[in-house]
Amino acid sequence: MRRLDGEAIERELSRLGASFGRPLAVAAETASTNDDARSAAAAGAPHGAAFLADAQTQGRGRGGRSWHSPPGENLYLSVVLRPSLPASRVAPIALVMGLAVASVIERRLAPLPSRGASGGGSAVEVRLKWPNDVLAGGRKLAGILVEAQLRGESVSSVIVGVGLNVHASSFPPDLSARATSLAMLGIDDVPRERLAAELLQAIGDAAARFEAGELAPFAEDLARMDWLRGRRVEVAGVVGVAAGIDPEGHLLVRGADGILRAVAAGEVSVISS
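What counts, and at which threshold
- Residues numbered from 1 in each chain as written.
- Predicted model: local features only at pLDDT ≥ 70, side-chain atom pairs only at ≥ 80, totals over all residues.
- Heavy atoms only, no water.
- Pairing = 2+ DSSP bridges.
- Helix = DSSP H or I, 4+ residues; strand = E, 2+ residues; numbered from the N terminus.
- Axes fitted to C-alpha atoms, helices over the stretch in contact; angles between N-to-C directions.
- Contact = heavy atoms within 4.5 Å.
- Parallel < 35°, antiparallel > 145°, perpendicular 65-115°, else oblique.
- Left-handed = near helix turned anticlockwise from the far one by under 90°.
- Salt bridge = Lys/Arg side-chain N within 4 Å of Asp/Glu carboxyl O.
- Buried < 20%, exposed > 50% of the residue type's maximum accessible area, 1.4 Å probe, protein only.
- pLDDT = per-residue confidence, 0-100.
- Expected span 1.5 Å × (residues − 1).

The strand order across the open sheet formed by seven strands is β1-β2-β3-β7-β6-β5-β4, and the pairing between neighbours is mixed. Two strands bound the open sheet, and with one partner strand each, they are β1 (24–27) and β4 (126–129). Within this sheet the neighbouring strands show an average axis-to-axis angle of 15°, counted without direction. Here strand β2 (residues 50–53) pairs with strand β3 (residues 75–81) via four bridges, running antiparallel. Residue pairing across strands places F51 opposite S78, the latter belonging to β3. Sitting on the sheet, helix α1 (residues 6–16) touches β1 and β2, and the angle it makes with β1 is about 150°.

Two strands pair when backbone bridges link them, and strand β8 (residues 232–235) and strand β9 (residues 238–245) are joined in this way by four bridges, in the antiparallel orientation. Each residue of the ladder has a partner; that of V235, found in β9, is V238. Joining the antiparallel neighbours β8 and β9 is a turn of two residues, in which A236 adopts a positive phi near 50°. With three bridges joining them, β9 and strand β10 (residues 251–254) adopt antiparallel strand pairing. Looking across to β10, one finds that V241 is bridged to R254. Here β9 folds back onto β10, and the loop between the two strands holds five residues, one of which, G249, carries a positive phi near 90°.

Between α1 and helix α4 (residues 192–213), the shortest axis-to-axis distance is 8 Å and the interhelical angle comes to 50°. Relative to α4, the element α1 lies oblique. For the crossing formed where α1 meets α4, the hand is right-handed. Residues A8, I9, E12, L13, R15 and L16 of α1 pack against E193, R194, A196, A197, E198, L200 and Q201 of α4.

Per the counting criterion, the structure on display carries 14 salt bridges. A salt bridge links E147 to R38; the nearest nitrogen and oxygen atoms lie 3.3 Å apart. In this pair, E147 is assigned in strand β6 (residues 139–151) and R38 in helix α2 (residues 33–42), connecting sequence segments 109 residues apart. Here R224 makes a salt bridge to E106, at a shortest N to O gap of 2.9 Å. Here E106 lies in helix α3 (residues 93–109) and R224 lies in helix α5 (residues 219–225), a separation of 118 residues in the sequence. Note on E106: relative accessible area 23%, which makes it partly exposed. If you follow the salt bridges from partner to partner, you end up with E12, R15 and R194 in one network.

Confidence in the prediction for the chain averages 90 pLDDT; 91% of positions are at 70 or higher. Taken element by element, the predicted model of the chain shows its lowest mean pLDDT in β6 (93) and its highest in β10 (98). Below pLDDT 50 for its whole length, residues 114–122 participates in twelve contacts with residues either more than four positions away or in separate chains.

Right, let's get into α4. Between the first and last C-alpha of α4 there are 31 Å, a value that for 22 residues agrees with the 32 Å anticipated at 1.5 Å per step. One or two steps after α4, the chain reaches E214, where phi turns positive at roughly 50°.

The following block contains the structure:
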């Protein structure tokens, strides 16, 4: 088992010409990289500061759920963003960060055939499940956790946490049926340091585009990668067929009565037909 190498990430960032992701801190183990980033932000860490760990003892996902964070296998990283946006406009950044992560994964998986029971088929599809999961082949490959620190109507900082399953070959029983990793999908030769640098560059680029144009520059990719569209769902007490994502980042759900409702937040359950 090889530990995550901070100097190697620095070299990869330089190779990519990425200014985002610095200063960079890499720990052998931490409770939560999001907590590290939030504490650093409160102490004045700049936009782009990045925090990674080889293992997390209290890694968490959305809703406070535990995030499987064993050492030496996956990527756990968090960054500090300081967007010049009012607090009322910052929520959709979670979708944008999901697209940034998905774009890195998609480039890696695009050349691979599907690894189904028949041993062949179409390319593995990378999709975004509103509001914060990245799926590959219908299974969760990465999760995004966004936590904003507000001062009245302004944003002090936004912490974006990313958990990406890289080398994992198995998962706990409660995750095994719905999680996957790059290694399980056939990508087992890419160093985590290179992936970390690519993710940091993509997150930085996406943050800049979001600050300039909010969700508008991402509309086409959101429509293309929307995994829920056309599926029957239940979320925040609303039941119906998912019908896309609106310009404010809300999930659109069309009920049996034909009315289109916009859901701002909630846990989505897909209802089997």
